[in-house]
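One letter stands for each residue in the lines below.
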Amino acid sequence: MAPVISITYRAILQEIVSSVSILDPETSICGQNGGLTDKGLLFPKPSANSYVKLTPLKPLNLEAFTLCMRLSVDPNVVSKEARETILFAYRTPDHDELNVWQEKGNISLYLRSSSEGAFYAVPLLSIFRTDLCVTWESSTGLTAVWVDGRRSTLQVYRKNHKVQSGGAVILGQDPDSFVGKFDENQSFVGEISGVNMWDYVLTGCQIKQFIELGLGPEPKVLKWKTMQYEVHGNVLVVEEKYK
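For the chain, an unreviewed UniProt entry supplies the name Pentraxin family member and the organism Pygocentrus nattereri. Here the chain is described in UniProt, under the heading Sequence similarities (unreviewed entry), as follows: "Belongs to the pentraxin family." Under the heading Subunit (unreviewed entry), UniProt records this for the chain: "Homopentamer. Pentaxin (or pentraxin) have a discoid arrangement of 5 non-covalently bound subunits."

Here you go:
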């Protein structure tokens, strides 16, 4: 005689079974519940296949943005002035739409341009964690970077431009095709956490408050706390036990 299973217990079993999925051993899809709250991403060494793909809350159809990240790097690799290091990449099938780099002793922003960028001679990333924010708005072209709550001088860059939707947000690699053609010599090596993005320019007070206290307007484009993400290759999701 088959054992009797209660309706409640049966429902629990069905929930467990439905939550199990078979994944490619090189890929894990995470962040369905709880996102990356109190977690960081560790890229332990240069590679041409290790990256994390983020799922935005809304399409990156942007006429303005504030992008914030917390980063630390392996100084033996990333901090060398001659090395170009990708910090954030957003690419559509046809274009590099929005890239942030550390290169040539600068932090730089590129909007759908292979050669024309906005360059900032600010303190470079180090072994210690740095809060980096980038702001830009189309109507004026005004853009700036913020390092640990301190703003650079303003520049005018890509006035009346618009960031197009339909792309992929990538951490760790610079895709020269749509999520492909990675270059190990440009890969990120270190830790990334706290990636958040708004579809407008935050005030200086709001940026400082968000960095220091985690308070302020809710990110509407990328939100670290609830982020859905895919890990590819040798990337570790680590608990941030010490803040």
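Having seen it, we continue.
1. Here's the deal with the packing of aromatic side chains
Applying the stated criterion across every chain, the model contains five aromatic pairs. Relative to phenylalanine 210, the ring of tryptophan 198 has its centre 4.9 Å away and its plane inclined at 85°; by these criteria the two rings are edge-to-face. Placement of the pair is tryptophan 198 in strand 14 (residues 190–198) and phenylalanine 210 in helix 2 (residues 204–213), with a sequence separation of 12 residues. Residue tryptophan 198 is classed as buried on the basis of its relative accessible area of 0%. By relative accessible area, phenylalanine 210 is classed as buried at 16%.

2. Notes on helix 2
Of all the positions in helix 2, only Ile207, Phe210 and Ile211 are classed as buried. Projection of helix 2 onto a plane perpendicular to its axis shows the buried side chains occupying an angular sector of 95°, all on one side. Seen from the open side of helix 2, the exposed residues pointing more than 90 degrees away from its buried face are Cys205, Glu212 and Leu213. On the buried face of helix 2, the contacting elements are strand 4 (64–73), strand 9 (130–137), strand 10 (142–147) and strand 14. The positive-phi residue at the C-terminal boundary of helix 2 is glycine 214, with phi of around 70°.

3. Some words on the side chain of arginine 83
Along the chain, the position of arginine 83 falls in the loop between strand 4 and strand 5 (85–91). The buried charged residue arginine 83 lacks any salt bridge partner; its closest oppositely charged side chain belongs to glutamate 184, at an N-O distance of 6.9 Å. Side chain to side chain, arginine 83 and threonine 85 meet in a polar contact 3.0 Å long. A polar contact is formed between the side chain of arginine 83 and the backbone oxygen of glutamate 184, at a distance of 3.0 Å.

4. Here's the deal with the nonpolar core
Within soluble globular proteins, side chains that are nonpolar generally end up buried alongside one another. Core analysis: the biggest nonpolar cluster contains 52 residues, and Phe65, Phe88, Leu98, Leu171 and Val195 have the highest contact counts within it. If we ignore the near neighbours within four places in the chain, the residues touching valine 195 are Leu54, Leu67, Cys68, Met69, Phe88, Leu171, Leu222, Lys223, Trp224 and Met227. Cys133, Ala144, Trp146 and Leu202 belong to the second largest nonpolar core, which has nine residues in total.

5. A closer look at the pattern of salt bridges
Within the structure shown, the criterion is met by seven salt bridges. Here glutamate 63 makes a salt bridge to lysine 162, at a shortest N to O gap of 3.9 Å. Of the two residues, glutamate 63 sits in the loop between strand 3 (51–55) and strand 4 while lysine 162 sits in the loop between strand 12 (155–156) and strand 13 (168–171), which places them 99 residues apart along the sequence. What makes glutamate 63 partly exposed here is its relative accessible area of 47%. Looking at lysine 162, the relative accessible area reads 31%, which means it is partly exposed. Between arginine 70 and aspartate 131 there is a salt bridge, with the nearest N and O atoms lying 3.0 Å from each other. Of this pair, arginine 70 sits in strand 4 while aspartate 131 sits in strand 9, and the two are 61 residues apart along the sequence.

6. Quick notes on a nonpolar patch on the surface
On the surface, Leu142, Leu154 and Val156 cluster together to form a nonpolar patch covering roughly 250 Å² of accessible area. Positionally, leucine 142 belongs in strand 10. Classification of leucine 142 by relative accessible area gives partly exposed; the value is 31%.

7. So, the state of the cysteines
Put plainly, a disulfide is one covalent bond tying together the sulfur atoms of two cysteines. Within this structure, the stated rule accounts for one disulfide. Across the disulfide, cysteine 68 is cross-linked to cysteine 133 (sulfur-sulfur distance 2.1 Å). Handedness of the cysteine 68-cysteine 133 disulfide follows from its S-S torsion of about 110°: it is right-handed. In this pair, cysteine 68 sits in strand 4 while cysteine 133 sits in strand 9, placing the two residues 65 residues apart along the sequence. Both residues of the pair, cysteine 68 and cysteine 133, count as buried.

8. Concerning the pairing of strand 2 (residues 39–43)
Direction of pairing for strand 2 relative to strand 16 (residues 236–239): antiparallel, over a ladder of four bridges. Bridge assignment links glycine 40 to a residue of strand 16, and that residue is valine 238. Sheet topology note: the strand 2/strand 14 ladder contains three bridges and is antiparallel. Paired with phenylalanine 43 across the bridge in strand 14 is glycine 190.

The rules behind these values
Residues numbered from 1 in each chain as written. Predicted model: local features only at pLDDT ≥ 70, side-chain atom pairs only at ≥ 80, totals over all residues. Heavy atoms only, no water. UniProt positions renumbered as here; feature names shortened; annotations may be inferred. Phe/Tyr/Trp six-rings, centres within 6.5 Å; stacked < 30°, edge-to-face > 60°. Helix = DSSP H or I, 4+ residues; strand = E, 2+ residues; numbered from the N terminus. Buried < 20%, exposed > 50% of the residue type's maximum accessible area, 1.4 Å probe, protein only. Arc of directions from axis to C-beta. Contact = heavy atoms within 4.5 Å. Lys, Arg positive; Asp, Glu negative; His and termini not counted. Salt bridge = Lys/Arg side-chain N within 4 Å of Asp/Glu carboxyl O. Polar contact = N/O pair within 3.5 Å; in protein donor to acceptor, adjacent residues only side chain to side chain. Core = buried A, V, L, I, M, F, W, Y, C linked by side-chain atoms within 4.5 Å. Patch = residues over 30% accessible without salt bridge, like charges linked within 9 Å, V, L, I, M, F, W, Y side chains within 5 Å. Areas by Shrake-Rupley, 256 points an atom, 1.4 Å probe, with all protein chains shown as cover. Disulfide = S-S within 2.5 Å. Pairing = 2+ DSSP bridges.

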